[in-house]
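Report on the structure
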Amino acid sequence: VQLQASGGGLVQAGGSLRLSCDASGRTFNYYGMGWFRQAPGKEREFVAAISWSGGSTYYADSVKGRFTISRDNAKNTVYLQMNSLKPEDTAVYYCAVKFNAGSYYSINRYDYWGQGTEFTVSS
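Residues numbered from 1 in each chain as written. Predicted model: local features only at pLDDT ≥ 70, side-chain atom pairs only at ≥ 80, totals over all residues. Heavy atoms only, no water.

Here we look at the packing of aromatic side chains
We apply this condition: Think of it this way: a Phe, Tyr or Trp ring, Trp meaning its six-membered ring, pairs with another when their centres are within 6.5 Å, and the plane angle makes it stacked under 30 degrees, edge-to-face over 60, tilted otherwise. Note on conventions: DSSP H or I runs of at least 4 residues are helices, E runs of at least 2 residues are strands, and numbering of each starts at the N terminus. Residue exposure (1.4 Å probe, protein chains only): buried if accessible area is under 20% of the type maximum, exposed if over 50%, otherwise partly exposed. Any Lys NZ or Arg CZ found within 6 Å of a ring centre and within 35 degrees of that ring's normal is scored as a charge over the ring.
Counted by the stated rule, this structure contains ten aromatic pairs. Ring centres 5.6 Å apart and planes at 80° place the aromatic pair Phe 36 and Phe 46 in the edge-to-face group. In this pair, Phe 36 is assigned in strand 4 (residues 32–38) and Phe 46 in strand 5 (residues 45–50), connecting sequence segments ten residues apart. Residue classification places Phe 46 among the buried residues on the basis of a relative accessible area of 11%. Lying across the ring of Tyr 94, Arg 44 places its NZ or CZ 3.7 Å from the centre. The ring centre of Tyr 104 lies 4.2 Å from the NZ or CZ of Lys 98, which sits over that ring.

Below, the structure written as structure tokens:
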């Protein structure tokens, strides 16, 4: 499986940004997909995840109500719409895929990772 994340850049606080993650190499419809982020000097942390059907979504408390994860299985793409951005959202964002029934919140349950896309929220 190959994952290609895109959409990073520079945005002002309060602004919006949408990240995309294109998947290839295996049947997309049976994946659970997640977004994680890693800020400088910090560990990688869970941001959001979505089930293969799109019927279940999961969010970190820090982004709940501001971020929305979605997927388009016809395009093999998962999105992360981010609104009301804050400087503390600045990080490298990674998309990942899991084939197992383990927790969507656990970084260790994900099988493949994209290369990351970075964005900065300026205050």
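That shown, we press on.
Side note on the environment of Asn 73
Structurally, Asn 73 is set in the loop between strand 7 (67–72) and strand 8 (77–82). Spatially, the C-alpha atoms of Asn 73 and Ser 6 are 17 Å apart, while their sequence positions differ by 67 residues.

Quick notes on the pattern of salt bridges
Filter applied, for reference: We define a salt bridge as a contact between a side-chain nitrogen of Lys or Arg and a carboxyl oxygen of Asp or Glu at a distance within 4 Å.
Overall, the coordinates contain four salt bridges when judged by the stated rule. Arg 37 is paired through a salt bridge with Glu 45; the nearest N and O atoms lie 2.7 Å apart. On the accessibility criterion, Arg 37 (6% relative accessible area) is buried. Classification of Glu 45 by relative accessible area gives partly exposed; the value is 36%. Linking Lys 64 and Asp 61 is a salt bridge whose minimum nitrogen-to-oxygen distance equals 3.2 Å. Several salt bridges share partner residues, and in doing so they unite Arg 37, Glu 45, Arg 66 and Asp 89 into one network.

A short note on the pairing of strand 3 (residues 17–24)
Note the cut-off: Pairing between two strands is assigned when DSSP locates at least 2 bridges connecting them.
The pairing of strand 1 (residues 2–6) with strand 3 spans five bridges and is classified as antiparallel. Following the sheet pairing, Ser 6 is matched in strand 3 by Ser 20. With six bridges connecting them, strand 3 and strand 8 associate as antiparallel partners. Residue pairing for strand 8: Leu 17 is matched across the bridge by Met 82.

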